Amino acid sequence: MSKPVLEPDTAADFIVLHGRDCTAVLERADPGPPLWRYWGPRLPDGALPEAALESTRPLPSFSLDAEQPLSLFPLFGVGGFTAPALAAHRAGHDFAQAFTACEIVWTVPGQALVCRLTDAVAGLEVEVRMEMHADASTLTLGATLIHTGEGVLDVGWLAAAVIPLPPQSTEVRTVTGRHNAEFVPTCDLLGRNGWSRENRRGLTSHDRFPGAVVTTAGAGPHTGTTYGAQLAWSGNAVQRIEWIDDGRWQWQLGEGLAPGEIRLARGERLVSPEVLATCSAHGLDGVAQNFHAAVRARSDWPGGTMAPRKVHLNTWEGFYFRHRLDELKALADAAAEVGVERFVLDDGWFHGRDDDTSSLGDWWPDAAKYPDGLAPLVHHVTGLGMDFGLWVEPEMINPDSDLYRAHPDWALHLDGRPRITARNQLVLDLGREEVRAYLLDRIGPLLDALPIAYLKWDHNRDLTTAGHQGRAAYHTQVRGAWALMDAFRNRWPGVEIEACAGGGGRIDAGIATRTHRFWTSDCIDAVSRMGMQPGYLQFMPPERMGSHVGTAPAHSTGRSQSLDFRAAVAMTGHLGVEFDLRRLPQADRTRLAAWIAFYKRHRDHLHGGRVWRGEAGDGLVWQAHGAADGALLLFVYRLTPATQKYAPPVRLPMLAEAGPLRVRRLRPEGLSPERTGGAPWFDRLEGDGVAVSGAWLAASGLPVPAMTAESCVIYSLSKDLT
Ligand code: DGJ
């Protein structure tokens, strides 16, 4: 049987979305879903396929007479052989699906559309949403499944996005890790057997970040076609990259569903999380910058715009559970003196909480530590001109708590199975409205009565036996936690929230829309942080990256670094201090105050623009914040002692077109220049600086002074040549 030849070849048959740096082209294939024709670097306007895909493909031997090329939403069982975007059945029936109608509705012409797909035989509909954020060069994708048939539709998989990757794709990079060691980079070669990654921990996790970056042949840190995608979801997640018959790859991302978790009655729907997908011709940096812009565009700041990121003091490592009002007041005094702007009272403040064995759920101030409640401390802090922030872990319950004694059934559990504790705690069933109401009613009065401007919202364990009345409740747990955060935000819109899960266990683009800072890791060792920051920054912007100056030796590693190095490493994120400042010698206090003042002077620049990262070799790494026209702050870090006689210059490829730039050495006020070893050029960088061509900096590089291990030099690069 000969194939019908399609001859559409008119613009109306193609769906085109352009971003600043990327383009998506799909071909209409009614009644089926649109076919993926192109996803990659920006095409000129009007550059379209010459012909329908089918008319350009001779039918290979031993093929179906109507093959199904990669589409926006591939299905199983009626001629589809690629991994399907849906796995569903009705008591074993309707396991095979095919769409009988497709309607495309542009919600914002040229920018956002909904593709409504109907399978009248299986009794279901799928809506695929696509929106191009032009400035961020990022596509936001998502799918909704609606059950329109009889009985119950069991759903095992609903892809939030199906993204094509070109045949030249070679490597997949993502991050893994554990508590105290987050954002460890991984790199896997893509082979014909594909790549996959599943997170079953019930929250975003320390080890399975729900996103990745795919490079094509020849791509690297700063150049080459590179793709990225991340799932905006704070729970179980699946990513799969599958090789398909035409040499391309399909990348699917979606929520990981437990057996029997989603059973839709007629009229019910399952809404997938969203996926942020991007492509850049500027390598890993380009993808990171697009992700930063996309996360920024989704941010919901109190008052509508991001206020300067205030310097924090967090009490955890300085005090742990040992709260004494007089000591905390003295700490607040010392913090205000060095320029701290927000004092965050961490774990240990509530009823009976003297260690990590009890009390989660009992959210009222401990009468022994705070006989007059939190008011005396809060007012002391705000009287010093600082914001007050409070630590909470709303989703948790200790078996040793008044709450558990009253409501043991409120913990997620499965009858007949052990209630497995972690850090002595269980997880509250946030799918239950009465549980969410209890948390609002218990924590809320503190926010009503006191000027609390900030919540650090923790989640210190993975989910196990996440059951509700015998059924899996991972999905409702995430939706419930998000709903609770939204309820807090609605009632106290001025309060910022920090997402923490034993450090970086819940960092994702879903929780980012309802929170304002991530606690990157419980490890504050500056050398460790230098390892984590690149992985974090690949997916998330710097202004949300909680980074603190800790004590030396660091509690998590036992290693010590100088105060200057600790400060220079913390400087590029959202700065904080986390140790008992009262014990810091006066000379160091002055030094820390100088670094804090430096941060305040430069934070708009650090937090508003683009970030580039690179390695110069021989232990030198660099990070630049700003704009590609040359207005940059450049941090050059030496991590290990030099092995070469002369340090390799730092090449800055993004400056190739920037023209002449003035390079100046920056340092916090009052900190004296180190000896330059007799090389006068470095002296000239002090004060007015030196004019250097951007092309030279890109091709040959910026000379670097002799530096000891674990040190940093900072430069400003600017257009101001006068
Ligand atoms: C884990 C967090 O990451 C720490 O910063 C601290 O808040 C503790 N929890 C408190 O229990």
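From a predicted model like this one, the values you see are computed outputs, not experimental measurements. (Residues numbered from 1 in each chain as written. Predicted model: local features only at pLDDT ≥ 70, side-chain atom pairs only at ≥ 80, totals over all residues. Heavy atoms only, no water.)

Let's shift gears to the packing of helix α9 (residues 563–570) against helix α10 (residues 586–608). The contact between α9 and α10 brings their axes to 10 Å, and the two run at 20°. By the angle between their directions, the pair α9 and α10 is classed as roughly parallel. Here the hand of the crossing between α9 and α10 comes out right-handed. On α10, the residues that touch L563, D564, A567 and A568 of α9 are D588, R591, L592 and W595. For the contact of α9 with α10, a count of residues per class yields five nonpolar, no polar and three charged. (Axes fitted to C-alpha atoms, helices over the stretch in contact; angles between N-to-C directions. Helix = DSSP H or I, 4+ residues; strand = E, 2+ residues; numbered from the N terminus. Parallel < 35°, antiparallel > 145°, perpendicular 65-115°, else oblique. Left-handed = near helix turned anticlockwise from the far one by under 90°. Contact = heavy atoms within 4.5 Å. Nonpolar A, V, L, I, M, F, W, Y, C, P; charged D, E, K, R; others polar.)

This part is about the nonpolar core. In terms of nonpolar packing, the biggest core is built from 180 residues, with W39, F73, W349 and L581 touching the most fellow members. Looking at which element gives the most residues to this core, the answer is strand β9 (residues 152–165), with 10 residues. Residues contacting W39, with those up to four places away along its chain left out, are C22, T23, A24, M132, L139, I163, P164, Y227, A277, T278 and C279. (Core = buried A, V, L, I, M, F, W, Y, C linked by side-chain atoms within 4.5 Å. Buried < 20%, exposed > 50% of the residue type's maximum accessible area, 1.4 Å probe, protein only.)

Once that is clear, we can look at helix α3 (residues 325–338). For an α-helix the count is 3.6 residues per turn, leaving residues at separations of three or four pointing the same way. Between its first and last C-alpha atoms α3 spans 20 Å; for 14 residues at 1.5 Å apiece the expected length is 20 Å, and the two agree. Listed in full, the buried residues belonging to α3 are E327, L328, L331, A332, A334, A335 and V338. Across the axial projection of α3, the buried residues extend over an arc of 165°, all falling on one side. Where α3 is buried, its residues touch β20 (312–314), α2 (316–319), β21 (342–345), α4 (375–383) and α10. One or two residues past the end of α3 sits G339, with phi positive at roughly 105°. (Expected span 1.5 Å × (residues − 1). Arc of directions from axis to C-beta.)

Our next topic: the sheet that holds strand β2 (residues 22–29). The strand order across the open sheet built from three strands is β1-β2-β3, with neighbouring strands paired in antiparallel fashion. The two strands at the open ends of the sheet, each matched to only one other strand, are β1 (14–18) and β3 (32–41). Taken over all neighbouring pairs, the strand axes of this sheet differ in orientation by 20° on average, direction set aside. Bridge count for β1 against β2 is five bridges, and the pairing is antiparallel. (Pairing = 2+ DSSP bridges.)

Here we come to the site of the ligand. Taken together, 13 residues form the shell around the ligand, and within it D346, D347, K456, D458 and D522 come nearest. In the environment of the ligand, an oxygen atom lies 2.6 Å from a nitrogen or oxygen atom belonging to the side chain of D346. One nitrogen or oxygen atom from the side chain of W519 is found 3.4 Å from an oxygen atom belonging to the ligand. For the ligand, the accessible surface in isolation is 300 Å², of which the surrounding protein chains cover 98%. Of the residues that constitute the shell around the ligand, the class distribution is four nonpolar, three polar and six charged. (Near = heavy atom within 4 Å. Polar contact = N/O pair within 3.5 Å; in protein donor to acceptor, adjacent residues only side chain to side chain. Areas by Shrake-Rupley, 256 points an atom, 1.4 Å probe, with all protein chains shown as cover.)

Attention now goes to the packing of α3 against α4. Interhelical geometry of α3 versus α4 gives an angle of 10° and a closest axis separation of 10 Å. Overall, the two elements α3 and α4 adopt an arrangement that is roughly parallel. Between α3 and α4 lies a crossing whose hand is right-handed. Note on element contacts: α4 touches α3 through P376, L377, H380 and V381, opposite L325, L328, K329, A332 and D333. Of the residues contributing to the contact of α3 with α4, the split by class is six nonpolar, one polar and two charged.

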